[in-house]
Amino acid sequence: MIRLRGITKKFGKTDVLKGIDLEIKDGEIFTLIGPSGSGKTTILRIIDLLEKPTSGTYFFDGADTQEPGADELAFRRRIAMVFQKPAVLNTTVDENIAFGLKFRHTGTAEIAKQVASALELVGLSHLSGRRAVTLSGGEMQRVALARAMVTTPELLLMDEPTANLDPVSSEMIELLIKRINTEHKTTIILATHDMAQGQRLADRIGVIMDGGLVQQGTIQDIFFRPNGQKIARFVGIDSIMTGIVTKNTDGHAFIDVNGVCIEAITPLQSPARVELYLRPEEVTISLPAPSGQGVKSTRNRLSGTITKILPNGPFMRVTIDCGFPLVALVTRLSSEDLHLAVGTAVIAEIKATAIHVHAIPS
Amino acid sequence: MSDIASGFAQAVNLIVTLNPEVMQIALLSLYISFSATILAACISIPLGGLIHFHEFHGKAALLTIIQTLYSVPTVVVGLLIYLFISRSGPLGFLGLLFTPEGMILGQTVLIIPIMLGLVVTALGGVDKNIRDTLLSLGATEFQGIFQIIREARFAILSAVILGFGRAISEVGVAMMIGGNIAGETRVLTTAIALQTGMGDFPFSIALGLILLAIALVVVVCLNLVTRRYAA
């Protein structure tokens, strides 16, 4: 549906986008994740034709949107966008939702029917006559979503749709996004800095950093096989170790990390220099068992001492010194059961398949 | 003190009994100032939209000039228009000098800067995201601009009413372009100046009270409209 080739955008002397190549398929939810200011919004604005790229080509449904004589309005009317800060006009909720249809000269009866159906979709039928500016943030965002959906767009763009909302409103918006995609088959591109949201909603994910699309792929690719240290840090991987492959037997590698041998799955051969990425939830902590008891099949069993414990929502974030720092997430209950504290000696267990091995370019 | 009190009493009497001369002057004032306000609004609102929605070199300088003209002395505008519409002026053939139409032209020119400047400010006060939202919803450029002007309607209405206030209360243009001809071009402000000079205080007070009443009605209407529709 969307094909961007070499899209760049400069604002003054600042390069906001640096050669974006991106393809979005019909009916998918594609999530752009990246830190604030990385260029996510600019990509969405270019796709919605609110912004012209400095260079590069943008094809919508096979048609070049920038060729001389291209009808921007006709393209834009096949797309809808929900902005981070929903702007509602100082009129009723009904009228706010009807704008897109009025601009398309839809008949009054049809407008009334479609507005009612859009209000029902977002669960705001009871607020149809209210002045939109008096709504809460979550309600306004739902009005913005209904206003976008009432035009039955082929492509829905959403820029940080839950950035300023409470958890309940956020969950409601996320459910709506899924429902719109499933029931209306609408292609959705969503920009967010909330990785968990990206993970929850996306079919595919693109990571944008400093104006470049640095990786795109499935949830598994992005969150478990990040393409470099910067992306790994952004997607929540705290344990990043540098090592050298010392031996590789049929893809089962032995990697030396600060004198500790780690087993992982990779085709990289000795003596490749590598980075190992490990998600904290993949590390299991146990107390050292008396010899001979509780032997497990896990490939990597590392002895270490806890150096830091920090609460992290329902979990505890435990840092262990195993010759290198290793971060694990354990439930509060487990932490209490094991009497974990700074200085406690523990065993960290990691499956060889849980470690992503990334070659360091020579 | 008793002169003032008796002047007030006689003034109220003139108003209550609908004195024909007082009424004629008041109605002519309203006709001229309303007409000038409508003309100025028809020019200022679209022009303000053009200035707001387009970026061009010298925009900031233009806005500064417009704001400076808020306080241009009415006699200067009167002089300028006089030079244009006097018999020897470029628009002399229109025969507008000493006519209500000439006064309408003068007041229109007088209030355009304040109305235009305030319209630009009003449009600037509309949330910047509204424009993107409207375009994203499939608005043509015209539909977008129209909706944004609609969004700023209360601030624009205030600009129009301020313009009307400046028009109905000015003396310079009315005196120089109208000539204060009884029954023809005499309006509230010029009549007050003349009657005061002649020592007819009750008549002046009556006209002054009517001017104040007009201002009061306008302000009350504005407040009612704003309260009814504003959030």
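Enquirer: Can you walk me through the packing of helix H4 (residues 74-85) of chain B against helix H5 (residues 100-124) of chain B in this structure?
Expert: Helix packing for two helices is described by the angle between their axes and how far apart those axes are. Residue and element names in this part refer to chain B. Where H4 meets H5, the axes come as close as 10 Å, and the angle between the chain directions of the two elements is 130°. Relative to H5, the element H4 is oriented oblique. Every pair of crossing elements has a handedness; the one defined by H4 and H5 is right-handed. Each of Thr74, Val77, Ile81 and Ile85 in H4 lies in contact with H5, whose residues at this interface are Gly102, Leu105, Gly106, Val109 and Leu110. Class assignment of the residues belonging to the contact of H4 with H5 gives a composition of 6 nonpolar, 3 polar and no charged.

Enquirer: What should I look at first to understand the sheet that holds strand E12 (residues 252-257) of chain A in this one?
Expert: Paired through backbone hydrogen bonds, the strands of a sheet run either parallel or antiparallel to each other. Residue and element names in this part refer to chain A. Strands sit in the order E13-E12-E11-E14-E20 across an open sheet of 5 strands; the sheet is antiparallel. The open sheet has two edge strands, strand E13 (260-265) and strand E20 (356-359), and neither has a second partner. For this sheet the average axis-to-axis angle between neighbouring strands, irrespective of direction, equals 45°.

Enquirer: It is not clear to me how the sheet that holds strand E7 (residues 155-159) of chain A should be interpreted in this structure. Could you clarify?
Expert: Residues and elements named next belong to chain A. One open sheet holds the 6 strands; their spatial order is E6-E7-E8-E3-E9-E10, and the pairing between them is mixed. Pairing within the sheet leaves two strands with one partner each, and these edge strands are strand E6 (79-82) and strand E10 (212-217). On average, each strand axis in the sheet is tilted by 15° relative to the strand beside it, whichever way the strands run. Here E7 runs beside strand E8 (residues 187-192); their pairing, made up of 5 bridges, is parallel.

Enquirer: What am I meant to see in the packing of aromatic side chains here?
Expert: Here a ring pair, both rings aromatic, is described through the centre-centre distance and the interplanar angle of the planes. Across all of its chains, the model carries 4 aromatic pairs over all chains by this definition. With a centroid separation of 6.1 Å and 70° between ring planes, the pair formed by Phe60(A) and Phe75(A) is classed as edge-to-face. Here Phe60(A), found in strand E4 (residues 55-60), pairs with Phe75(A), found in helix H2 (residues 72-76); they are 15 residues apart in sequence, far enough to count as distant. Note on accessibility: Phe60(A) and Phe75(A) belong to one class, buried. Ring plane angle 25° and centroid distance 4.7 Å describe the contact between Phe34(B) and Phe164(B), whose orientation is recorded as stacked. Separated by 130 residues along the polypeptide, Phe34(B) in helix H2 (residues 20-53) and Phe164(B) in helix H8 (residues 153-169) bring together distant segments of the chain. Note on Phe34(B): relative accessible area 43%, which makes it partly exposed. Owing to a relative accessible area of 5%, Phe164(B) belongs among the buried residues under this scheme. Positioned above the aromatic ring of Phe224(A) is the side chain of Arg279(A), whose terminal nitrogen or guanidinium carbon lies 5.6 Å from the ring centre.

Enquirer: What should I look at first to understand a nonpolar patch on the surface in this one?
Expert: There is a patch of nonpolar side chains on the surface, built from Leu79(B), Leu80(B), Tyr82(B), Leu83(B), Phe84(B), Phe98(B) and Ile181(B) and spanning about 620 Å² of accessible area. Mapped onto the fold, Leu83(B) is located in helix H4.

Enquirer: Explain the nonpolar core to me, please; I cannot follow it from the model alone.
Expert: Nonpolar side chains in soluble globular proteins generally cluster together in the buried interior. By size, the foremost hydrophobic cluster in this structure holds 42 residues, and its most contacted members are Ile111(B), Leu123(B), Ile130(B), Leu134(B), Ile148(B) and Ile156(B). Once you skip the residues sitting within four places of it in the chain, Ile111(B) turns out to touch Ala36(B), Thr37(B), Ala40(B), Gly163(B), Arg166(B) and Ala167(B). Core analysis: the next-biggest nonpolar cluster, separate from the first, contains 36 residues, Leu124(A), Ala144(A), Val150(A) and Leu201(A) among them.

Enquirer: Looking at this structure, how should I read the layout of surface pockets?
Expert: Once rolled over the atoms, a probe with the size of a water molecule shows which space is left empty. Residue and element names in this part refer to chain B. Its volume calculated, the largest pocket comes out at about 270 Å³. Along the walls of the largest pocket sit His52, Phe53, His54, Glu55, Lys59, Leu123, Val126, Asp127, Lys128, Arg131, Asp132 and Ile148, which together make up its complete lining. Those elements that provide at least two residues to the lining of the largest pocket are H2 and helix H6 (128-136). Considering each element in turn, the lining of the largest pocket owes the most residues, 3 residues, to H6. Residue classes in the lining of the largest pocket are distributed as 4 nonpolar, 2 polar and 6 charged.

Enquirer: Is there a simple way to think about the pattern of salt bridges in this case?
Expert: Where side chains of opposite charge bring their charged atoms close, a pairing between them can arise. Residue and element names in this part refer to chain A. Counted under the stated rule, the structure contains 21 salt bridges over all chains. We note a salt bridge from Lys52 to Glu72, for which the minimum N-O separation is 2.5 Å. Of this pair, Lys52 sits in the loop between helix H1 (40-47) and E4 while Glu72 sits in helix H2; the two residues are 20 residues apart in sequence, bridging distant segments of the chain. Its relative accessible area of 26% is what places Glu72 among the partly exposed residues. The closest approach of N and O atoms between Glu174 and Arg200, which form a salt bridge, is 2.7 Å.

Enquirer: Please clarify how empty space enclosed by the protein should be interpreted in this entry.
Expert: All names here are of chain B. On inspection of all chains with the given rule, the structure shows 1 cavity of 30 Å³ or more. Of the pockets and cavities examined, the largest cavity occupies roughly 50 Å³. Ser29, Ile32, Ser33, Gln107, Ala167, Ile168, Glu170, Val187, Leu188 and Thr189 together form the lining of the largest cavity. Contributions of two or more residues to the lining of the largest cavity are made by H2, H8 and helix H10 (188-197). The residue makeup of the lining of the largest cavity, split by class, is 5 nonpolar, 4 polar and 1 charged.

What counts and what doesn't
Residues numbered from 1 in each chain as written. Chains lettered and ligands numbered in written order. Predicted model: local features only at pLDDT ≥ 70, side-chain atom pairs only at ≥ 80, totals over all residues. Heavy atoms only, no water. Axes fitted to C-alpha atoms, helices over the stretch in contact; angles between N-to-C directions. Helix = DSSP H or I, 4+ residues; strand = E, 2+ residues; numbered from the N terminus. Parallel < 35°, antiparallel > 145°, perpendicular 65-115°, else oblique. Left-handed = near helix turned anticlockwise from the far one by under 90°. Contact = heavy atoms within 4.5 Å. Nonpolar A, V, L, I, M, F, W, Y, C, P; charged D, E, K, R; others polar. Pairing = 2+ DSSP bridges. Phe/Tyr/Trp six-rings, centres within 6.5 Å; stacked < 30°, edge-to-face > 60°. Buried < 20%, exposed > 50% of the residue type's maximum accessible area, 1.4 Å probe, protein only. Lys NZ or Arg CZ within 6 Å of the ring centre and 35° of its normal. Patch = residues over 30% accessible without salt bridge, like charges linked within 9 Å, V, L, I, M, F, W, Y side chains within 5 Å. Areas by Shrake-Rupley, 256 points an atom, 1.4 Å probe, with all protein chains shown as cover. Salt bridge = Lys/Arg side-chain N within 4 Å of Asp/Glu carboxyl O. Core = buried A, V, L, I, M, F, W, Y, C linked by side-chain atoms within 4.5 Å. 1 Å grid on protein atoms, 1.4 Å probe; cavity = no way out; pocket = protein on both sides within 12 Å on 5 of 7 lines; lining within 4 Å. Points joined across faces, edges and corners; volume = space filled by probe spheres on them.

By themselves, these observations are geometric and do not establish any function.
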